[in-house]
Amino acid sequence: MTQTARFRRSSSQALLAAGLVASLALATGCAKSEDDNSSSDKASSSAQNENAGQEVASPGTGETCDISAYGGKKLDLKGATVGFSQSEKEANPFRIAETASLKAEAEKRGIKLLTANAQSQFSKQISDVQDLIAKGADLLVIAPLNSDGWEPVLRAASAKHIPIVTVDRKINATACKDYVSFIGSDFVEQGKRAADQMIETTGGKGTIGILLGAAGNNVTTERTKGFEERLKEKAPGLKVVFKQTGEFAREKGQQVTEQLIQSKPDITGIYAENDEMGLGAVNALKSAGKKAGAVKIVTVDGTRNAVQGIVDGWISGVIESNPRFGPLAFQTLDSFTKGDKVGQDIVIKDSAYTEDNAKTDLDKAF
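Residues numbered from 1 in each chain as written. Predicted model: local features only at pLDDT ≥ 70, side-chain atom pairs only at ≥ 80, totals over all residues. Heavy atoms only, no water.

This paragraph deals with the sheet that holds strand S5 (residues 164-167). What the 6 strands build is an open sheet, ordered S3-S2-S4-S5-S6-S13; its pairing is parallel. The open sheet has two free edges, formed respectively by strand S3 (112-117) and strand S13 (345-347), since each of these has just one partner strand. The mean inter-strand angle of the sheet, taken between neighbouring strand axes irrespective of direction, is 20 degrees. Here 3 bridges tie S5 to strand S6 (residues 181-184), and the two strands are oriented parallel to one another. Residue pairing in the sheet places Thr166 in a bridge with Phe182 of S6. The sheet contacts of helix H4 (residues 93-109) involve strand S2 (81-86), S3, strand S4 (139-142) and S5, and relative to S2 the element is tilted by about 175 degrees. (Pairing = 2+ DSSP bridges. Helix = DSSP H or I, 4+ residues; strand = E, 2+ residues; numbered from the N terminus. Axes fitted to C-alpha atoms, helices over the stretch in contact; angles between N-to-C directions. Contact = heavy atoms within 4.5 Å.)

In structure tokens:
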């Protein structure tokens with residue numbers, strides 16, 4: 001089987017499978033993307049696409065958590081108030097789709113949802129969550145900006161036995177003590193799959209630049225680790241000669257790529273740890289007079305603009321990071337508040353976009 005074939009998009013109809021009562025393999029966080037208003041509208045719409053929903057990767061494995069172990073009492077989710085803390089401004093497709101998915105699922109279930117947005121300021125996110133607790137949130141869903149520094153929130157939630165589910169990034173704390181569950185992707189695996197794409201598109205030889213994500217969270221660390229480990233294992237002829245943070249932002253990704261092509265004009269490929277940095281790299285290459293495909297670009301996220309970049313020949317591959325957490329997050333909370341066991345680490349399946357499926361699967365992107 002070719003690498004491209006292995007990346008064929010799998011069915012996502014098992015979204016609320018019985019695997020929620022068991023725990024799942026470890027994964028981490030999610031990434032930041034900036035976009036324009038037209039694409040933002042498309043992101044909101046695609047967040048509701050049933051065929052693009054999340055699917056649990058490995059039901060029935062790993063550690064579990066329940067109310068008796070965590071503390072607290074059973075409650076009816078329909079009568080509860082849930083607080084959602086978004087980490088980054090919603091001028092980006094990933095965050096738009098993530099928030100839209102949670103709002104849609106809360107409305108579908110008739111649940112009161114309180115929301116707050118930290119606007120990429122960690123101190124604000126801490127005060128946001130404390131405010132959600134003060135406003136009467138019975139449960140919390142948090143998309144963390146950083147992995148460290150959550151002690152004030154965890155103390156406040158623990159004092160009131162408020163269950164916490166984190167999505168798309170993990171916090172450095174103890175599961176089933178400080179929080180109930182983490183729901184997200186396996187980011188080491190995403191890095192490995194991005195490397196596989198790069199190896200395939202370059203033939204396994206050349207020089208690679210890495211546009212690193214923001215510091216302070218395990219997404220950047222693990223996507224880098226997976227990518228570099230896979231290159232070392234399978235393609236020692238592909239050498240990483242440049243690494244610099246693009247802070248998960250398009251403008252910064254463009255600036256860093258401009259520096260890269262000045263210092264390494266013959267660079268073979270660019271691994272961007274999210275789509276927005278990859279799209280910034282495309283802008284830099286265009287401005288430098290490069291032709292589409294001259295520098296191979298592999299990214300992570302699955303935004304419509306990046307997938308369109310494959311169709312247009314500028315991007316070689318995109319590893320998906322599915323932001324549609326609403327159904328799975330609320331199903332996890334529902335099961336937990338009923339007294340059932342839920343996974344401490346709930347890993348979702350992520351698909352991929354290649355030249356073979358980008359055009360046909362464009363509507364599945366967010």
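From this point, things continue past the structure.
Quick look at the state of the cysteines now. Counted under the stated rule, the structure contains 1 disulfide. Across the disulfide, Cys65 is cross-linked to Cys176 (sulfur-sulfur distance 2.1 Å). Looking along the S-S bond of the Cys65-Cys176 disulfide, the torsion reads about 80 degrees, which is the right-handed sense. Highlighted residues: Cys65 in strand S1 (residues 64-65) and Cys176 in the loop between S5 and S6, separated in sequence by 111 residues. Given the relative accessible area of 11%, Cys176 is considered buried. (Disulfide = S-S within 2.5 Å. Buried < 20%, exposed > 50% of the residue type's maximum accessible area, 1.4 Å probe, protein only.)

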